[in-house]
Amino acid sequence: MDTRIIKGVFALAAIAYTVQLFATGHWGSGIGMIFVSAIAVLAVLRSIRMIFVFFNLQQQKLDKAKKWIDRINPNHLWKRQQAYYFFLRGSTKMETNLNDAEKDLKNALKIGLKKDHDRGAVKLNLAAIASAKGRRKEGLLLLAEAKKLDTKGYLKNDIKQIEKAIKNPKQVFRSR
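Residues numbered from 1 in each chain as written. Predicted model: local features only at pLDDT ≥ 70, side-chain atom pairs only at ≥ 80, totals over all residues. Heavy atoms only, no water.

K.L.:
Please clarify how helix 1 (residues 3-23) should be interpreted in this entry.
P.N.:
One turn of the α-helix equals 3.6 residues, which is why residues spaced by three or four share an orientation. Between its first and last C-alpha, helix 1 extends 30 Å over 21 residues, near the 30 Å set by a 1.5 Å rise per residue. Remark: Gly 25 follows helix 1 within two positions and exhibits a positive phi of approximately 90°. (Helix = DSSP H or I, 4+ residues; strand = E, 2+ residues; numbered from the N terminus. Expected span 1.5 Å × (residues − 1).)

K.L.:
Explanation requested: the packing of aromatic side chains in the structure shown.
P.N.:
A full pass over the atoms with the stated rule returns 4 aromatic pairs. Pairing Phe 54 with Tyr 84 gives two aromatic rings, centres 6.4 Å apart and planes at 55°, and the pair type is tilted. Taken together, the positions of Phe 54 in helix 3 (residues 48-58) and Tyr 84 in helix 5 (residues 79-93) put the pair 30 residues apart, joining distant regions of the chain. Judged by relative accessible area, which is 33%, Phe 54 ranks as partly exposed. Look at Tyr 85 and Phe 86: their rings are 5.2 Å apart centre to centre, the planes differ by 75°, and that puts the pair in the edge-to-face class. The exposure class of Tyr 85 is buried, given its relative accessible area of 4%. Taking relative accessible area as the criterion, Phe 86 reaches 12% and is therefore assigned buried. (Phe/Tyr/Trp six-rings, centres within 6.5 Å; stacked < 30°, edge-to-face > 60°. Buried < 20%, exposed > 50% of the residue type's maximum accessible area, 1.4 Å probe, protein only.)

K.L.:
What is the right way to look at unusual backbone geometry in this model?
P.N.:
Among all residues save glycine, negative phi is the norm, and among peptide bonds the norm is trans. Look at Gln 60: it is not a glycine, yet its phi comes out positive at around 65°. Along the chain, the position of Gln 60 falls in the loop between helix 3 and helix 4 (62-70).

K.L.:
Can you walk me through the pattern of salt bridges in this structure?
P.N.:
Should the charged atoms of two oppositely charged side chains come close, the side chains can pair. This structure, assessed with the given rule, holds 9 salt bridges. The salt bridge partner of Glu 102 is Lys 106, with a shortest N-O separation of 3.5 Å. You can see Glu 102 and its partner Lys 106 sitting in helix 6 (residues 98-111), 4 residues apart, about one turn around the helix. The class of Lys 106 is partly exposed, set by a relative accessible area of 44%. The partner of Lys 147 in a salt bridge is Glu 163, with the nearest N and O atoms 2.7 Å apart. Pair noted here: Lys 147 is in helix 8 (residues 136-149) and Glu 163 is in helix 9 (residues 156-167), with a separation of 16 residues, a long-range link. (Salt bridge = Lys/Arg side-chain N within 4 Å of Asp/Glu carboxyl O.)

Structure follows, in structure tokens:
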């Protein structure tokens, strides 16, 4: 059974109970239930496991991130979350399997990422993969696209690193 349905039913029940508490004059309990309802609604909208993957990647704990990403069923995610799932899975696979990482990253772009800098990060990772596979021209094109998408400068240092790696193919680099 799809976990989104179970979480949705729980969130609706929490909201209904909150309304019932306020209607019957139990203000203190109603205020407490607002927090429970908010957490339930967030659990419906976001995958808790995806949050753990993001956190572990930020902490540079790839082994833990891989464990969490393997526990996620992409069919139980909303469409936009599926794009981020493939983005994260591709990012974790870059160290071990470039072909699978490239497929996942392209799939993330195909589904559609919400933010420009996220699309830029995917293009940057694809540029690194193309460079590692000896497709220098494709890597430079993807790098240029990543620069255009990084309007806020989040990827500035990573872009410089990949740019150096593409210009000097013998240099070994570590991706994001």
